[in-house]
Amino acid sequence: MRALALLLALAALGGGGLDSVADLRTPRAAHTATALPDGRVLVAGGCNDPGCETATATTELYDLARRRSVRGPKLGRPRVGHAAVALRDGSVLLLGGFSGGTPTAAVERFVAGRIVSVAPMSSARGGFTATRLRDGRILVVGGSDGSRTLASAELYEPATRRFAPTGSLRRARNAHTASLLRDGRVLVVGGSEGDDVLRSAEIYDPRSGLFAPAGLLRASRHKHAAVTLRDGRVLVLGGSDARDFRGRYRSTEVWSPPTRRFRAAPALREPRFKLPDAAVRLPSGDVLVAGGGESVERGGPGGRFVLAGTVGGPFSFATATLTAAGQVLVAGGYDDSIVPTADAWIFSP
């Protein structure tokens, strides 16, 4: 009876399935995976050693149609915990992260199958966010420079390929999320400053270049995920309190632009954290959640989360990448022993 109920629930959500596919060329966690215009996914950097102490400079290109990966160009420097953003011209900007154990300000661009250097950010950053704005600029927010948590933010201008400062956060933070809203503003949620895990949220207006308060989470959380929904609200998923592994959340909450308030939303099937790049909105409007748990699940504020497949381990800092074809590549991450995996899966709605 339980199996029948699950099948009926999946059918109500539009079905879909998770298939194990050819592995990545190397184990990776805290890497980036960015959809390219030709349907492939650029998988870059991360760590590939037990303990996740050594960053890699390797990249690979995952072909979802052929379900296999081929070697890509090497990064100019190893990096882990960095950010990657697809630009309007089809290239990919790779920013910051940790290189040699310390945060870096270095920036590179994947273009025409090559990696080229770009002018650096104004500050070294790890644990930050990078968000493409409606006008094509990239907003870089917060993080850590290795000695302190940052409140600073900066903008990358594709035309000049340079960074310029913009308004600062009201509260320094890293391990937060940043979500582009339908009106072009950016919602920054939670994170931490030292041992203090935050409840606060801020909103960035690109017209003024300033951050303003945007309400308080129901629970302090960092290392969570956030997805902008089709109706303009933002769904915040999982994360943890200051206890990290012992403080993982099943809870989710949803932020509404008109009220700037967070309300409780349906709980996840299992507690998850370290999943900032492992939750995506599907073409149907549902949210697919991977990473930080032993399963992949699907749901949203309109209904409970249901099982979409299992991955065999609570892979933290995995990636989930939506392609133009509507498929999602779920890749990598590390288990609770901090051992990265090369496993990959494709979710087809």
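Our structure is the block above this text.
Cut-offs applied
- Residues numbered from 1 in each chain as written.
- Predicted model: local features only at pLDDT ≥ 70, side-chain atom pairs only at ≥ 80, totals over all residues.
- Heavy atoms only, no water.
- Helix = DSSP H or I, 4+ residues; strand = E, 2+ residues; numbered from the N terminus.
- Buried < 20%, exposed > 50% of the residue type's maximum accessible area, 1.4 Å probe, protein only.
- Contact = heavy atoms within 4.5 Å.
- Pairing = 2+ DSSP bridges.
- Axes fitted to C-alpha atoms, helices over the stretch in contact; angles between N-to-C directions.
- Disulfide = S-S within 2.5 Å.
- Core = buried A, V, L, I, M, F, W, Y, C linked by side-chain atoms within 4.5 Å.
- Phe/Tyr/Trp six-rings, centres within 6.5 Å; stacked < 30°, edge-to-face > 60°.
- Polar contact = N/O pair within 3.5 Å; in protein donor to acceptor, adjacent residues only side chain to side chain.

Participant: Any chance you could break down the environment of Val236 for me, citing the residues and the numbers?
Facilitator: In this structure, Val236 sits in strand β23 (residues 234–237). On the basis of relative accessible area, Val236 is assigned to the buried category, the value being 0%. Separated by 219 residues in sequence, Val236 and Gly17 place their C-alpha atoms 24 Å apart. Aside from chain neighbours lying at most four places away, what touches Val236 is Val189, Leu217, Arg221, His224, Ala225, Ala226, Ser251, Thr252, Glu253 and Phe262.

Participant: Just give me the short version of the sheet that holds strand β16 (residues 177–180), but keep the residues and values in it.
Facilitator: Strand order in this open sheet of four strands is β16-β17-β20-β21, and the pairing throughout is antiparallel. In the strand order of this sheet, the two ends are held by β16 and β21 (210–216), each with one partner. In this sheet, adjacent strand axes meet at a mean angle of 25° when their direction is disregarded. When strand β20 (residues 200–205) meets β21, the two strands line up antiparallel, connected through five bridges.

Participant: Could you give an account of the side chain of Asn174, naming the residues involved and the relevant values?
Facilitator: Of note, Asn174 is situated in the loop between β15 (162–166) and β16. Apart from the residues within four sequence positions on either side, Asn174 is in contact with Gly126, Gly127, Gly143, Ser144, Thr149, Gly191 and Ser192.

Participant: Residue-level account of the environment of Leu24, with values.
Facilitator: Looking at the secondary structure, you find Leu24 in the loop between β1 (17–21) and β2 (32–35). In this structure, the C-alpha to C-alpha distance between Leu24 and Glu297, residues 273 residues apart in sequence, is 22 Å.

Participant: Outline the state of the cysteines, supporting the account with residue identities and numerical values.
Facilitator: Summed over all chains, the structure comprises one disulfide. Between the sulfur of Cys47 and that of Cys52 lies a disulfide, 1.6 Å long from S to S. Between Cys47 and Cys52, the disulfide has an S-S torsion of -75° and is therefore left-handed.

Participant: Residue-level account of the sheet that holds β1, with values.
Facilitator: Pairing is antiparallel in the open sheet, where four strands are placed in the order β1-β32-β31-β30. With one partner strand each, in any of the chains shown, β1 and β30 (319–322) form the two edges of the open sheet. With strand direction ignored, the average angle separating the axes of adjacent strands in the sheet is 25°. Sheet analysis places strand β31 (residues 328–331) next to strand β32 (residues 344–348), joined by four bridges and oriented antiparallel. Note on β32: the bridge partner recorded for Val328 is Phe347.

Participant: Before we move on, can you summarise the nonpolar core with the specific residues and values?
Facilitator: One finds Leu235, Leu237, Leu288, Val289, Val296, Val328 and Phe347 to be the most contacted residues of the largest nonpolar core, which totals 28 residues. Elements supplying a minimum of two residues to this core: β22 (225–228), β23, β26 (279–281), β27 (287–289), β29 (303–310), β31 and β32. If you look at the next biggest cluster of nonpolar residues, it comprises 15 residues, including Ala105, Val118, Met121 and Phe128.

Participant: Account for the packing of aromatic side chains, with residues named and values stated.
Facilitator: Taken as a whole and assessed by the stated rule, the structure comprises five aromatic pairs. With a centroid separation of 5.0 Å and 75° between ring planes, the pair formed by Phe245 and Phe273 is classed as edge-to-face. One end of the pair, Phe245, is in the loop between β23 and β24 (252–256); the other, Phe273, is in the loop between β25 (261–265) and β26, and 28 residues separate them in sequence. Classification of Phe245 by relative accessible area gives partly exposed; the value is 29%.

Participant: A description of the pairing of strand β14 (residues 153–157) should follow, citing residues and the corresponding values.
Facilitator: Judged by how many residues are buried, β14 sits mostly within the fold: four of five residues are covered. Pairing of strand β13 (residues 138–141) with β14 involves four bridges; the strand directions are antiparallel. Across the sheet, the residue bridging to Val140 is Glu154, located in β14. Where β14 lies against β15, five bridges are found, and the strand directions are antiparallel. What sits directly across from Ala153, in β15, is Thr166. Here β14 hands over to β15 after four residues, with Arg161 in that stretch at a positive phi of 55°.

Participant: Could you give me a rundown of the side chain of His82, with the residues and numbers involved?
Facilitator: As for its position among the elements, His82 is in the loop between β5 (68–71) and β6 (83–86). His82 gets classed as buried once you look at its relative accessible area, which sits at 7%. Side chain to side chain, His82 and Thr32 meet in a polar contact 3.1 Å long. If sequence neighbours within four positions are ignored, His82 has contacts with Ala30, His31, Thr32, Ala44, Gly45, Gly46, Leu94, Leu95, Gly96 and Gly97.

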